[in-house]
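The chain contents come next:
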Amino acid sequence: GNLPVADVARLPSRRNPGGREVAKARPGFEEGIMKRPRLLFLSLGGTITMVQNNSGGIAPKLGASELIASVPALAEVADIEAHSPFRLPSPSLTLENLVEVARLITEGFAAGIDGAVVIQGTDTIEESAFLLDLLVDAAKPVVVTGAMR
């Protein structure tokens, strides 16, 4: 899936005092066509994945595919690979789990993925983001996100 790209009109600026500039060819563009980015979504669990269970409590049951399906517009802007390597509350994530996540991201980048989104609980989100920053040696973006209800 490719998206057509029209000429881009810009407001006046220091670099563009005349106020009109036509988009130039740049990486990701071929003959006026912008290729959609390939994104890797990895769901690890957390509140964002929780649903009520039979006993009245909640458990991390939703996977990456279900979360992606809940936002249909994502399919219009990117080619998405969705995986759920874990379904755990974030305090239950281990160092070994996060090393595995870093490996999956690194392998994805080597296979042409343009960016990664890690979905997890918020209790340990900053620790996970810090560790992934240390372990994933790539200039491509890695976003770590979660939600609270």
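Analysis parameters
- Sequence order sets the numbering: in each chain, residues are counted from 1 along the sequence as written.
- Note on the predicted model: pLDDT of at least 70 is required for a residue's local features to be given, and 80 or more for side-chain atom pairs to be given and counted; whole-chain, interface and lining totals, by contrast, use all residues.
- For side-chain calculations, the full set of non-hydrogen atoms in the structure is used, while hydrogens and water are omitted.
- Note on method: axes are straight lines fitted to C-alpha atoms, helices fitted across the in-contact stretch only, with angles between N-to-C directions ranging 0 to 180 degrees.
- To qualify as a helix, a DSSP run of H or I must reach at least 4 residues; to qualify as a strand, a run of E must reach at least 2; elements of each kind are numbered from the N terminus.
- Should an angle fall under 35 degrees it is called roughly parallel, over 145 degrees roughly antiparallel, and 65 to 115 degrees roughly perpendicular, with every other angle called oblique.
- The sense of a crossing depends on the near helix, which, turned anticlockwise from the far helix by less than a right angle, makes the crossing left-handed and, turned clockwise, makes it right-handed.
- Residues are treated as being in contact if the distance between any of their heavy atoms lies within 4.5 Å.
- In this classification, Asp, Glu, Lys and Arg are treated as charged, Ala, Val, Leu, Ile, Met, Phe, Trp, Tyr, Cys and Pro as nonpolar, and every other residue, Gly included, as polar.
- Multiplying 1.5 Å by the helix residue count minus one yields the expected span of that helix.
- Between buried and exposed lies partly exposed: a residue is buried under 20% and exposed over 50% of the maximum accessible area for its type, with that area taken using a 1.4 Å probe on protein chains only.
- The arc in question is formed by the directions pointing from the helix axis toward the C-beta atoms.

## Describing the packing of helix α3 (residues 95-110) against helix α4 (residues 125-135)
Next, step 1: Where α3 meets α4, the closest approach of the two axes is 10 Å, and the angle between their N-to-C directions is 50°. When the axis of α3 is compared with that of α4, the two are oblique. As α3 runs across α4, the sense of the crossing is right-handed. For the pair α3 and α4, contact is made by Leu95, Leu98, Val99, Val101, Ala102 and Ile105 and by Ser128, Leu131, Leu132 and Leu135, respectively.
Next, step 2: Of the residues in the contact of α3 with α4, the class split is nine nonpolar, one polar and no charged.

## Here we look at α3
Next, step 1: Taking 1.5 Å of rise per residue, the 16 residues of α3 would be expected to cover 22 Å, and the 23 Å separating its terminal C-alpha atoms lies within 8% of that figure.
Next, step 2: Along α3, the positions that sit buried rather than exposed are Asn97, Leu98, Val101, Ala102, Ile105, Gly108 and Phe109. Looking down the long axis of α3, one finds its buried residues gathered within 140° of arc, a one-sided arrangement. Residues of α3 that are exposed and angled more than 90 degrees away from the buried face: Glu96 and Ala110.
Next, step 3: Taken together, the buried residues of α3 touch β4 (38-43), β8 (115-119), α4 and β9 (142-145).
Next, step 4: Gly112 sits one or two residues past α3 and shows a positive phi near 105°.

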